[in-house]
Amino acid sequence: MTRPSWQLSEAEVTPEPLFRDRRAIVKALGLGAIGASLPGAVHGSIFDVFSSAPKPVFIQAPLSANKPAAFQDFSEPLTPENKVISHNNFYEFGTAKTDPVENAQSFKVNPWHLSVEGLVDTPLQLDYDDLLQSFALEERIYRLRCVEAWSMVVPWVGFPLAALLKKAGVKAGATHVAFETLYDPAQMPGQKNTYVGGGIHYPYVEGLTLAEAMNELSLLSVGLYGKTLPPQNGAPVRLVVPWKYGFKSIKSIVKIRVMNKQPPTSWNQLAPHEYGFYANVNPDVDHPRWSQASERRIGPGGLFSAERIATRPFNGYEEQVAHLYKDLDLKRYF
Ligand SMILES: Nc1nc2c(c(=O)[nH]1)N[C@H]1C(S)=C(S)[C@@H](COP(=O)(O)O)O[C@H]1N2
Ligand SMILES: [Mo]
């Protein structure tokens, strides 16, 4: 029997373009033993290339996933992988777009504990391996629209949030689901210092209605571009709700709690007049400080040369989710 891909040793993992740490490269190339026995001069020349930025670099493992046609058939070009993993919002690691890739590379994602609790028949405790092994993984190509009016197209790997909730068994009377990111100021400079963390009151929390959580689009992502998530994108597990502004897609989740009332959410707590609980992508409801009618789609040239395109209601997922809001005034409940 062949080993599942997530059990590959570091030495078998393909090196990524972001590799800047010579120890990681040596490991990844399986050069550990050879490197040690090389004569000094050769040794030096191999390593000099990387000496400008001697940072530890996270190693992504390959992930295999089913590719359901419904989420593959997509005419818009993918945002290149190097952009997806280097232009991020993850305020726990700083507020600039390149802070997460700079500051999160040594973030520890294994061991990990995700607890599923609250109004469920069977509370669950999932560790790192459970997250990658307990559910059938799918690759789904989704648009990601940030409230800041830029967007990407990302091939995520993950499993439906509904599958996890069904496994735990949602009790009668449940109406909402709350999510919480890891709180670990020793690893996350933005949690240690309010200024670095953009003023958010940590841990970062998010929430959905139960109907939103059970919608087929709601994905718990454990990977992208065929590999496990890098820390800057929310390793080891993050939510992806593609019809909502990106801040709803909470990263590095340690707790999922089924509730009977609407939970508090981080951006809403910080600026309630700017960020609502629902946060559905909506070209007709502007942010108080900018228009939401269009967005810059990030392609090979990054943000600066990004093409401006029209923003679509529910980020183009109207068919799948509009029915959830048929009785809701979307201007009031933004
Ligand atoms: N815990 C946490 N989750 C988070 C954020 C954050 O700062 N902290 N930023 C959000 C925002 S604003 C966006 S646009 C997306 C970005 O996801 P990406 O970096 O994978 O593109 O993550 C969201 N999830
Ligand atoms: Mo965002």
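What this report covers is the structure whose coordinates are included nearby. Here the structure is a predicted model, which is why all the values come from computation and not from measurement. (Residues numbered from 1 in each chain as written. Chains lettered and ligands numbered in written order. Predicted model: local features only at pLDDT ≥ 70, side-chain atom pairs only at ≥ 80, totals over all residues. Heavy atoms only, no water.)

**Re helix 7 (residues 161–168)**
Phase 1 of the analysis: Within the sequence span of helix 7, burial applies to L161, A162, L164, L165 and A168. One side of helix 7 carries all its buried residues, which in axial view fall inside an arc of 160 degrees. (Buried < 20%, exposed > 50% of the residue type's maximum accessible area, 1.4 Å probe, protein only. Helix = DSSP H or I, 4+ residues; strand = E, 2+ residues; numbered from the N terminus. Arc of directions from axis to C-beta.)

**Remarks on the nonpolar core**
Phase 1 of the analysis: Counting 77 residues, the largest nonpolar core has L161, L164, F179, L220, L239, I253 and I256 as the members making the most contacts within it.
Phase 2 of the analysis: By residue number, the principal contributor to this core is strand 4 (residues 150–160), which donates six residues.
Phase 3 of the analysis: Contacts of I253, omitting those with residues within four sequence positions, involve W112, L114, F179, E180, T181, L220, V237, R238 and L239. (Core = buried A, V, L, I, M, F, W, Y, C linked by side-chain atoms within 4.5 Å. Contact = heavy atoms within 4.5 Å.)

**Points about the pairing of strand 12 (residues 302–310)**
Phase 1 of the analysis: Of the pairings in the sheet, the one linking strand 11 (residues 294–299) to strand 12 comprises five bridges and is antiparallel in character. For G299, the partnering residue across the bridge sits in strand 12 and is G302.
Phase 2 of the analysis: Between strand 11 and the antiparallel strand that follows it, strand 12, lie two residues. (Pairing = 2+ DSSP bridges.)

**As for the packing of aromatic side chains**
Phase 1 of the analysis: Taken as a whole and judged by the stated rule, the model has 13 aromatic pairs.
Phase 2 of the analysis: Ring plane angle 70 degrees and centroid distance 5.9 Å describe the contact between F107 and W112, whose orientation is recorded as edge-to-face.
Phase 3 of the analysis: On the basis of relative accessibility, which here comes to 4%, the residue F107 falls in the buried class.
Phase 4 of the analysis: On the numbers, 5.9 Å between centres and 75 degrees between planes, the contact of Y142 with Y317 is edge-to-face. Linking Y142 in strand 3 (residues 138–145) with Y317 in the loop between strand 12 and helix 11 (318–321), this pair joins segments that are 175 residues apart in sequence. (Phe/Tyr/Trp six-rings, centres within 6.5 Å; stacked < 30°, edge-to-face > 60°.)

**Observations concerning the site of ligand 1**
Phase 1 of the analysis: Every one of the 17 residues lining ligand 1 counts as a neighbour, but N88, Y91, E92, S249 and K251 are closest to it.
Phase 2 of the analysis: In this structure, a nitrogen atom belonging to ligand 1 sits 3.1 Å away from a main-chain N or O atom of N89.
Phase 3 of the analysis: Here K251 contributes a side-chain N or O atom positioned 2.6 Å from an oxygen atom of ligand 1.
Phase 4 of the analysis: Burial of ligand 1 by the protein chains amounts to 98% of its free accessible area of 540 Å². (Near = heavy atom within 4 Å. Polar contact = N/O pair within 3.5 Å; in protein donor to acceptor, adjacent residues only side chain to side chain. Areas by Shrake-Rupley, 256 points an atom, 1.4 Å probe, with all protein chains shown as cover.)

**Topic: the environment of A168**
Phase 1 of the analysis: Mapped onto the secondary structure, A168 falls in helix 7.
Phase 2 of the analysis: Between the C-alpha atoms of A168 and T122, which are 46 residues apart in sequence, the distance is 4.9 Å.
Phase 3 of the analysis: Discounting chain neighbours no more than four positions away, the residues touching A168 are V116, V120, D121, T122 and L124.

**Quick word on the side chain of R140**
Phase 1 of the analysis: Take R140: it is sitting in strand 3.
Phase 2 of the analysis: We classify R140 as buried; its relative accessible area is 3%.
Phase 3 of the analysis: At a separation of 2.8 Å, a polar atom in the side chain of R140 contacts the side chain of E138.
Phase 4 of the analysis: Of note is the side chain of R140, whose polar atom sits 2.7 Å from the backbone oxygen of E216.
Phase 5 of the analysis: Those residues within four positions of R140 in sequence are excluded, and the remaining contacts are F71, Q72, V154, P155, W156, P160, E216, L217 and L219.

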